[in-house]
Amino acid sequence: MKTLRYGAKGDEVLLLKKALMEKKYLLNLTRFFDEQTKETVITFQKNNDLVPDGIVGPKTWGKLGESKEVKISITNKKITEKDIIDFATKYDLEKAVVKAVAKIESNGKGFLKDGRPRILFEGHVFWRELERKKIDPSNFISEETKNVLYQKWTKKYYKGGIGEYLRVEKAAGISEDSRVHEAAYNSASWGGFQILGYHYKKLGYESIDQFVAKMYEHEREHLKAFGLFINNKQHKGQSLIGWLREKNWAKFAEGYNGSAYKKNRYDEKLEEAYQKYI
């Protein structure tokens, strides 16, 4: 779910209110984040040992994620067996192959319990993205930023779950420069198939914001982005979709996850998952 505050409008505000009402808070059921909603959120935050700022961010959504309304919202965003079959038919892939990739990339779940797409922020990619935008990353190095900005890949700073949203928001906030904001969101992998944001232009999205907005909509959008990516990405002489069709797990894993795939056993895990689903 997106961060909500006073003045916000839309379906997510309505979902917020339903979740609060489920917890016995009284509100007018509209799509506008008014003063009453702000005061109710502050009360909810105080009652749950959260910072009472009236802003519905990762931690507040996390507490609300247990509510029936939020769970229903997430359930309605899941891909169906028919979606997978249609996708496999379109790209001439085995259904078990598609399921295996989804399983290994995000444990088969495209959304967190609070309704936001799963992400993983990569600080080394953030470093590269800043350089691509002619911004010197070393200007932002400090003890405070060491967990979001570094030159070489490491999983040392991974937090998982909502913790990754805290990291991407921290990265985006190191400067008011809009290029830094884009670089931060480019540096997270998104959704059920963990597509890195910086690929958005090659996949046909107008901006990183449009790509992220699509990732919020439905797991079907995650599947669509996956198809565009593996059809577009070339690795060692052919597209990733070609390696998948051949079930060459090592070549696919290397092209999809990078040179660290062996260390993380991505190819072995993919084959194990495939054998399970077949």
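This one's a predicted model, so the numbers in the text were calculated from it and none came from an experiment.

J.: Sorry, what's going on with the packing of helix α13 (residues 249-257) against helix α14 (residues 266-277) here?
T.: Think of two packed helices as two axes; the pair is described by the angle between the axes and how far apart they sit. Where α13 meets α14, the axes come as close as 8 Å, and the angle between the chain directions of the two elements is 120°. For the element pair α13 / α14, the angle class is oblique. Between α13 and α14 lies a crossing whose hand is right-handed. Facing α13, whose interface residues are Trp-249, Ala-250, Phe-252, Ala-253 and Asn-257, α14 presents Tyr-266, Asp-267, Leu-270, Glu-271 and Tyr-274. Here the contact of α13 with α14 is composed, by residue class, of seven nonpolar, one polar and two charged.

J.: In this structure, what is going on with the side chain of Glu-221? I would like to understand it.
T.: Its location among the elements puts Glu-221 in helix α11 (residues 219-232). Of the side chains with opposite charge, Lys-214 lies nearest to the buried Glu-221, which makes no salt bridge, at 4.3 Å. Every residue in contact with Glu-221, bar those within four places of it in the chain, is listed here: Tyr-205, Lys-214 and Met-215.

J.: Help me out: how do you make sense of the packing of helix α7 (residues 123-132) against helix α9 (residues 178-186) in this one?
T.: Following both chains from N to C, one finds α7 and α9 inclined at 140°, their axes separated by 8 Å at the closest point. Classified by the angle between their axes, α7 and α9 sit oblique to one another. In the crossing of α7 with α9, the sense of the turn from one axis to the other is right-handed. For the pair formed by α7 and α9, the contact residues are Val-125, Phe-126, Glu-129 and Leu-130 on the first element and Val-180, Ala-183, Ala-184 and Asn-186 on the second.

J.: Where do I start with the pattern of salt bridges in this structure?
T.: Between side chains of opposite charge, a pair can form when the charged atoms approach closely. The full count for this structure, using the stated rule, is 16 salt bridges. The shortest N-O distance in the salt bridge between Arg-31 and Asp-11 comes to 2.7 Å. Placement of Arg-31 in the loop between α1 (11-22) and α2 (35-47) and of Asp-11 in helix α1 is noted, with a sequence separation of 20 residues between them. Looking at Arg-31, the relative accessible area reads 46%, which means it is partly exposed. Using a relative accessible area of 54% as the deciding quantity, one classes Asp-11 as exposed. As a salt-bridge pair, Lys-99 and Glu-81 come within 3.1 Å of each other at their nearest N and O atoms. Taken together, the residues Lys-99 in helix α6 (residues 95-106) and Glu-81 in helix α5 (residues 81-90) connect sequence positions 18 residues apart. Beyond isolated ion pairs, a larger network of salt bridges with shared partners links Glu-81, Lys-95 and Lys-99.

J.: Can you walk me through the sheet that holds strand β3 (residues 195-196) in this structure?
T.: By way of backbone hydrogen bonds, the strands of a sheet pair with one another, either parallel or antiparallel. A sheet is described by the order of its strands in space; here three strands give the open sequence β1-β2-β3, paired in antiparallel fashion. For this open sheet the edge positions go to β1 (119-121) and β3, each flanked by a neighbour on one side alone. Pairing of strand β2 (residues 188-190) with β3, which is carried by two bridges, proceeds in the antiparallel orientation. The residue bridging Trp-190 from the neighbouring strand is Ile-195, located in β3. Its contacts with the sheet place α9 against β1, β2 and β3, and it is angled at close to 55° to β2.

Thresholds applied
Residues numbered from 1 in each chain as written. Predicted model: local features only at pLDDT ≥ 70, side-chain atom pairs only at ≥ 80, totals over all residues. Heavy atoms only, no water. Axes fitted to C-alpha atoms, helices over the stretch in contact; angles between N-to-C directions. Helix = DSSP H or I, 4+ residues; strand = E, 2+ residues; numbered from the N terminus. Parallel < 35°, antiparallel > 145°, perpendicular 65-115°, else oblique. Left-handed = near helix turned anticlockwise from the far one by under 90°. Contact = heavy atoms within 4.5 Å. Nonpolar A, V, L, I, M, F, W, Y, C, P; charged D, E, K, R; others polar. Buried < 20%, exposed > 50% of the residue type's maximum accessible area, 1.4 Å probe, protein only. Lys, Arg positive; Asp, Glu negative; His and termini not counted. Salt bridge = Lys/Arg side-chain N within 4 Å of Asp/Glu carboxyl O. Pairing = 2+ DSSP bridges.

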